[in-house]
Amino acid sequence: MIASGIGNHDNMGGVFRNAAAFGARAVLLDETCCDPFYRKAIRVSVGAVLRTPFTVGGSAEDLVAAMQTAGVEVLALTPSATLRLADYRPKGPVALMVGSEGPGLPRAVIDRCRAVGVPMAGGFDSLNVAVTSALALHHVTSGRPAG
């Protein structure tokens, strides 16, 4: 899981909680994310921040490049995507990338990744980042053995 620009500690805790619940190997935070060790983030994560491997640093672009160099496909979760998350099938290692609560991921980052989205009804344009990360993590891990 890669997070870019997450500034809300509730959302940060939710991302870590979901990463732990669905067996993500690590959480990578770009230099613009809030502190995952802030007490509210730890509380919302139900302690997952304390036991989930993570790293902080570099730009979102640097994190994407590092994953791609390692042979990991990076999916940018964005409401502007034409590929539906439900239609995506992983063919190898995958990193999910989520963006900030307001503007989302920068266009330059989305363009370097495979953009996927969750279609919504009723004119809604986006979901909370914690909800989106849970849906996406469940989708990409559902064919993988637990543990």
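Residues numbered from 1 in each chain as written. Predicted model: local features only at pLDDT ≥ 70, side-chain atom pairs only at ≥ 80, totals over all residues. Heavy atoms only, no water.

A. Broad picture of the nonpolar core. Judged by nonpolar contacts, the single largest core of 26 residues is most densely connected at Met1, Met12, Phe16, Leu29 and Leu96. Of all the secondary-structure elements, those providing two or more residues to this core are α1 (9-21), β2 (27-29), α3 (48-51), β4 (73-77), β6 (94-98) and α6 (129-141). Setting aside anything within four residues of it in sequence, one finds Met1 in contact with Val15, Ala26, Val27, Leu28, Leu96, Val98, Ser133 and Leu137. Core analysis: the second largest hydrophobic core is formed by 14 residues, Ile2, Leu63, Val74 and Leu105 among them. (Core = buried A, V, L, I, M, F, W, Y, C linked by side-chain atoms within 4.5 Å. Buried < 20%, exposed > 50% of the residue type's maximum accessible area, 1.4 Å probe, protein only. Helix = DSSP H or I, 4+ residues; strand = E, 2+ residues; numbered from the N terminus. Contact = heavy atoms within 4.5 Å.)

B. The arrangement of the sheet that holds β4 in detail. Taken in spatial order, the 7 strands line up as β3-β2-β1-β6-β4-β7-β5 in an open sheet, and their pairing is parallel. The sheet is open, and its two edges are formed by β3 (54-56) and β5 (83-84), each paired on a single side. Relative to strand β7 (residues 114-117), β4 runs parallel, the two being bridged by 3 bridges. Residue pairing across strands places Leu75 opposite Arg114, the latter belonging to β7. (Pairing = 2+ DSSP bridges.)

C. Fine view of the environment of Leu105. In this structure, Leu105 sits in the loop between β6 and α5 (107-112). Residue class for Leu105 comes out buried when judged on its relative accessible area of 7%. In the structure, Leu105 is positioned 101 residues away from Ser4 in sequence and 7.0 Å away in space, judged by C-alpha atoms. For Leu105, the contacting residues outside a window of four places in its chain are Ser4, Ala76, Leu77, Met97, Val98, Gly99 and Ile110.

D. Local environment of the packing of aromatic side chains. With the rule as written, the count across this model stands at 2 aromatic pairs. Judged by centre distance (5.3 Å) and plane angle (85°), the ring pair of Phe16 and Phe54 falls under edge-to-face. Of this pair, Phe16 sits in helix α1 while Phe54 sits in strand β3, placing them 38 residues apart in sequence. Site record: aromatic cluster; members linked through ring pairs are Phe16, Phe37 and Phe54. (Phe/Tyr/Trp six-rings, centres within 6.5 Å; stacked < 30°, edge-to-face > 60°.)

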